[in-house]
Amino acid sequence: MDSALNPEHGSIVLSRDGLIAQVIGIPRPPGMVPVIPKYRLCEGSLWSRSGVHLCRVIEMYGPRGLSDSIARYGFREAIDGIYSSPIPYIRLSDIVELIRPREAFERVTRRPANTLHYKLIEIACMLIENGLNHEELGLTGSIAFGSDNPAVSDIDLIVYGSRASRVMYRVFAELTSEKEKNILSDFGGLTINPPLDITWRRRTIMRVQVAWTGIPLVGELCKPLREYYNIPSPWKPIRLSVEVEARQETSLLYPPCAKTRDGLYIVSFEYNIAPILYNGGLLEISGLESIDGSVIYLATRQYPGSITFYSISPILSK
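Here is what the cut-offs are and how they apply
Residues numbered from 1 in each chain as written. Predicted model: local features only at pLDDT ≥ 70, side-chain atom pairs only at ≥ 80, totals over all residues. Heavy atoms only, no water. Pairing = 2+ DSSP bridges. Helix = DSSP H or I, 4+ residues; strand = E, 2+ residues; numbered from the N terminus. Axes fitted to C-alpha atoms, helices over the stretch in contact; angles between N-to-C directions. Contact = heavy atoms within 4.5 Å. Disulfide = S-S within 2.5 Å. Buried < 20%, exposed > 50% of the residue type's maximum accessible area, 1.4 Å probe, protein only. Parallel < 35°, antiparallel > 145°, perpendicular 65-115°, else oblique. Left-handed = near helix turned anticlockwise from the far one by under 90°. pLDDT = per-residue confidence, 0-100. Arc of directions from axis to C-beta.

A.B. asks: Before we move on, can you summarise the sheet that holds strand S14 (residues 202–205) with the specific residues and values?
C.D. replies: Spatially, the four strands line up as an open sheet ordered S10-S11-S15-S14, and their pairing is mixed. A single partner strand is all that each edge strand has here, and the edge strands are strand S10 (137–140) and S14. The sheet shows a mean angle of 35 degrees between the axes of neighbouring strands, taken without regard to direction. Examined bridge by bridge, strand S11 (residues 155–160) and strand S15 (residues 208–215) share six bridges and lie parallel to one another. Each bridged residue has a counterpart across the sheet, and for Asp156 the counterpart in S15 is Ala211. Strands in contact with helix H3 (residues 101–110) are S10 and S11; relative to S10, the strand with the most contacts, it is inclined by about 90 degrees. The sheet strands contacting helix H6 (residues 162–175) are S11, S14 and S15, and the helix crosses S15 at an angle near 150 degrees.

A.B. asks: Lay out the state of the cysteines with the relevant residues and their values.
C.D. replies: This structure, assessed with the given rule, holds two disulfides. Across the disulfide from Cys42 sits Cys55; the S-S distance is 2.1 Å. Disulfide Cys42 to Cys55: torsion about the S-S bond roughly 90 degrees, handedness right-handed. Note that Cys42 is positioned in strand S3 (residues 32–42) and Cys55 in strand S5 (residues 52–56), a separation of 13 residues in sequence. Take Cys42: its relative accessible area is 18%, and that puts it in the buried class. Cys55 sits in the buried class, given a relative accessible area of 19%. Put simply, Cys222 and Cys257 are joined by a disulfide, and their sulfur atoms are 2.3 Å apart.

A.B. asks: Account for the side chain of His117, with residues named and values stated.
C.D. replies: Within the secondary structure layout, His117 lies in helix H4 (residues 115–129). Those residues in contact with His117 that sit more than four places away from it in its chain are Val108, Pro112, Ile143 and Asp148.

A.B. asks: Could you give an account of the packing of H3 against H4, naming the residues involved and the relevant values?
C.D. replies: The angle between the axes and the distance between the axes are what describe a pair of packed helices. The interhelical angle for the contact between H3 and H4, taken along N-to-C directions, is 110 degrees, at an axis separation of 9 Å. Considered as vectors, H3 and H4 are oriented roughly perpendicular to each other. Between H3 and H4 the crossing geometry is left-handed. Every residue of H4 that contacts H3 at Phe105, Val108 and Thr109 is listed here: His117, Leu120, Ile121 and Ala124.

A.B. asks: Describe the confidence of the model for the chain, with residues and values.
C.D. replies: Averaged over all residues, the pLDDT of the chain equals 90, while 90% of them reach at least 70. Note on residues 313–318: pLDDT is under 50 here. Beyond four places in sequence and across chains, it has twelve contacts.

A.B. asks: Describe in detail H3, supporting the description with residues and values.
C.D. replies: Of the positions making up H3, those classed as buried are Pro101, Ala104, Phe105, Val108 and Thr109. Take H3 and look down its axis: the buried residues cluster within an arc of 115 degrees, on one side only. Buried residues along H3 sit against strand S9 (95–99), H4, S10, helix H5 (141–145) and S11.

If you want it as C-alpha cells, here you go:
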C-alpha cells in the first residue's frame, strides 16, 4: 500500500474526513504521510469542485502558518520522536484520492477547461523553450485538485530534480524587474536579514501569479535526510557563523540543504530561503542543532530561527 501510493511533495490528497491537503516532501514513517491542510468543505466559497465548495484552511505558510492552520482545522497531530516535534500526519489508509503533480499536469494540459489552464500551457511552453523538459514539470494546488477559479487561483508548479530547479531559478531571475519585487523579512517565524525578494520563485507571468518548488529525484536528497530512521534529531537552539559554498545542487530542492565548509549541514523546512543557501557566502544562523551536532535545522515549528547573510555570490546565468 505504501509503495503503491508513494505520495511525493506537492501531491494533493483527500482524506476520509474531507480534508484536502498537500503532501510535504520529507522522510516519513511507514504508512504515514506529512501534509499541510489546505481546504475544508464549506459553503459559498470562491473554490469548488463538482458543485462542492471549499474554504482555505491555511492563510500563511512557514512554521507559524502551519501551526495556525492546524489549530484552525482542529487537526490531530502525531508526536514524532525523530523530528522531536508534532507532525501533521495522515495515514495512507485514510487517503481516498491521491493526485500526483505529474499526473495533474498531464491531465490539465491535455484537456484544458478554462482560461487559466490555457495560460498554464503558454507558460509551460515558455519554460520548455528556455531549457526545461516536459517530463520535469508537475502541477499542484487548486488546479491540480480541480477546484480552481480563473479569477483568483495561482499556478503552482512542481519541477523535478536539481537540473530543472537551476533552469527555473535562472528563468525567474531573468524575468524579475524592479517594478515587481516581493521583499519579506519574516517567513512564518523564520526571520531574514537583509529582507529577501521572493520573486525568484513567485511572480506574475502573463498576468497570472506563478510559483514553483523544486523536488529531488531519486538519490538527490542530502545526506541527513536520506533515511527516515537515520535522520539526526533536532535537539537544542544554537547560533553560529558559517560559510557556505555556492551552487550546491541540494540547495534549490525541498527541503533546501547545504553543507558548510566546516562539514555541518543546514536544512530548512522553509523553501523561500533556498537562494540564500544556493548563492552561498558568510551566514549567521540560529536554529536547532541536531543531537549529534551534524545538522542545523531552520524553520522548525518549535524554533523557527533566523538568518543574516553578509555576502553572497552573484546570480549566474547558467
